[in-house]
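Chain and residue survey
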Amino acid sequence: MSEIKKTEKILGVKGMNDILPADAPLWELFENTVHTVLKSYGFQQIRTPIVEPTAVFSRGLGAVTDIVEKEMYSFVDSMNGDELTLRPESTAGVVRAALEHNLTYDGPKRLWYQGPMFRHERPQRGRYRQFHQVGAEAIGFTGPDIDAEMIMLCQRLWDDLGLADIRLELNSIGDAAERRLHRADLIAYFSEHLALLDADAQRRLHTNPLRILDTKNPAMQELVNNAPKLLDYLGEESRAHFEGVQAILRHNSIPFTINPRLVRGMDYYNRTVFEWVTDQLGSQGTVCGGGRYDPLVEIFGGKPTPAVGFAMGVERLLELMKASGEQFAPNQCDVYLVHQGQPAQMQAFVLGERLRDAGLDVVLHCASTSGQGSFKSQMKRADASGAAFAVILGEDEIARGAATVKHLRDADPAHNQHSVALEAVVDHLIDHIVGNDEHGHEHAGHIHYHP
Ligand code: ATP
Ligand code: MG
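Residues numbered from 1 in each chain as written. Chains lettered and ligands numbered in written order. Predicted model: local features only at pLDDT ≥ 70, side-chain atom pairs only at ≥ 80, totals over all residues. Heavy atoms only, no water.

Scanning the chain from N- to C-terminus turns up 15 helices and 18 strands. For 451 residues, the compact-globule estimate of 2.2 N^0.38 gives 22 Å, and the C-alpha radius of gyration of the chain, at 28 Å, exceeds that figure by more than 25%. Along the three orthogonal principal directions, the C-alpha set of the chain runs to about 90 × 60 × 45 Å. Per-residue burial over the chain gives 49% buried out of 451 residues. Here the contacts in the chain between residues at least 6 apart in sequence split such that 69% fall between residues at least 24 apart. Here the chain has roughly 22,800 Å² of accessible surface; of this, 52% comes from carbon and sulfur atoms. For the chain, the distance from the average position of its 44 positive side-chain charges to the average position of its 61 negative side-chain charges is 5 Å. (Helix = DSSP H or I, 4+ residues; strand = E, 2+ residues; numbered from the N terminus. Rg over C-alpha atoms; globule rule 2.2 N^0.38 Å. Buried < 20%, exposed > 50% of the residue type's maximum accessible area, 1.4 Å probe, protein only. Contact = heavy atoms within 4.5 Å. Areas by Shrake-Rupley, 256 points an atom, 1.4 Å probe, with all protein chains shown as cover. Lys, Arg positive; Asp, Glu negative; His and termini not counted. Charge placed at Lys NZ, Arg CZ, Asp CG, Glu CD.)

Right under this line is the structure:
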């Protein structure tokens, strides 16, 4: 274990990022948009712990998946010896919770979650050790209708976020019996071409051959392109289900391509699988993945209960939003309160509360290590805050029972400054502020002044 010297700076964990104030507005915009869209489809939020018993994942995701084999942050609780893991994904935890609290006793449930996930991967662009997902799980629904609904929900979200460059890939991986037949043929096919398999594929040949189809190794593309296709092994019911999903998508003009090689990393998937992909993020181009996982509830010891879900990678979507060029830099506040002298400071506190009562965002100038700050330095801060107005309380103002209201975004000294009686300051500002930014937030940093 490496020790940190007392005088050395302590840095954060590699691959686990701080989200700084400059990025916070973008996160908020994303989260608010997601919440609105999920709510508009009747999804209800569920919040499960970040730590689960390791068995939730080793049983739920399957022992030979990438995540369980090598990506989990697992540890033994030193207090009681329990084996625990930082969640690498949320589906298993949500299903665990749904069963534990018998959530589907009165019918199927549309659930969603958000939060940090943890995977021990090599950090790189779009791939972190702590990253964030928003996901949804519809538990207890059988038909292709809910699969299509969830896909359409994603499409609506991309539209609302202004992301045009995300396309849908769709596949069906059938049920366990269909996959068994295909698997036997797949192993036979790859065995005939053993020399063409890379080390990873050779390792997976008898454990998880389906995942070989997912390889990113360019040298193996032709081999996997010609491999037996799972789609050709689907029985009547799986085929009808897949057709059903496609029919709804077509009817609603949701474009998609069928990618017969699309499989998902986890063991629990069956039938419909899908990914939303972009070309703008290099090799980390999948922004959302999902599918049906009918067997999972039973794997956790519950009654057979069909389900479908998806999870999106928030960091990758935010990168896309940034690339789209829109500016997300709202102001820190509407009003910056500048004051000089103790009576003015007292008055500034009172006025600040009244302005907040009226719904305005207010920053009250506070002393720093360099002191209270001259009038000039306070005005500099006011400017930097992005506020539309500075409200100034000096000794003169207090003597007059008034405040000086200065419009900071108006350079014309002829009308950018007014003396306003203290009782009238709130009304004066409300009269002059119209909050109507394009995202529909009140006063969210787009304030217009009408002198
Ligand atoms: P990949 O093939 O990129 O490793 P995955 O199949 O492991 O993805 P899922 O488990 O399906 O990913 O997670 C859903 C989404 O979460 C991904 O499509 C991606 O957008 C995001 N994601 C997964 N792992 C990471 C990570 N380490 N850092 C950032 N985002 C991630
Ligand atoms: Mg992965």
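This brings us to the sheet that holds strand 13 (residues 362–364). Judged by pairing direction, the sheet is mixed, and its five strands sit side by side in the order 13-12-14-15-16 without closing on themselves. Two strands lie at the open edges of the sheet, namely strand 13 and strand 16 (417–421), each paired on one side alone. In this sheet, neighbouring strand axes are inclined to one another by 25° on average, regardless of whether the strands run parallel or antiparallel. One ladder, built from five bridges, connects strand 12 (residues 335–339) with strand 14 (residues 389–393); its direction is parallel. Across the sheet, residue V338 finds its bridge partner in strand 14, namely I392. (Pairing = 2+ DSSP bridges. Axes fitted to C-alpha atoms, helices over the stretch in contact; angles between N-to-C directions.)

Our focus in this paragraph is the pattern of salt bridges. Using the criterion set out here, one finds 23 salt bridges in the structure. Among the ionic pairs, R204 bridges to D200, the shortest N-O distance being 3.4 Å. Of this pair, R204 and D200 are both found in helix 7 (residues 199–204), four residues apart, which corresponds to roughly one turn of the helix. Among the residues examined, R204 registers a relative accessible area of 11% and is labelled buried. (Salt bridge = Lys/Arg side-chain N within 4 Å of Asp/Glu carboxyl O.)

If you trace the three strands from one edge of the open sheet to the other, you get 2-4-3, paired in antiparallel fashion. The open sheet is flanked by strand 2 (51–53) and strand 3 (73–76), the only strands paired with a single partner. Shown here is a sheet whose adjacent strand axes are inclined to one another by a mean of 35°, direction ignored. Pairing analysis gives three bridges linking strand 2 to strand 4 (residues 83–86), with the strands arranged antiparallel. Directly across from P53, in strand 4, lies its bridge partner L84.

Before going further, it helps to spend a moment on the packing of aromatic side chains. Taken as a whole and assessed by the stated rule, the structure comprises two aromatic pairs. Each ring, one from W158 and one from W276, has its centre 5.6 Å from the other, and the planes form 75°; the classification is edge-to-face. Here W158, found in helix 5 (residues 144–161), pairs with W276, found in strand 9 (residues 270–277); they are 118 residues apart in sequence, far enough to count as distant. For the residue pair W158 and W276, the accessibility class agrees, reading buried in each case. (Phe/Tyr/Trp six-rings, centres within 6.5 Å; stacked < 30°, edge-to-face > 60°.)

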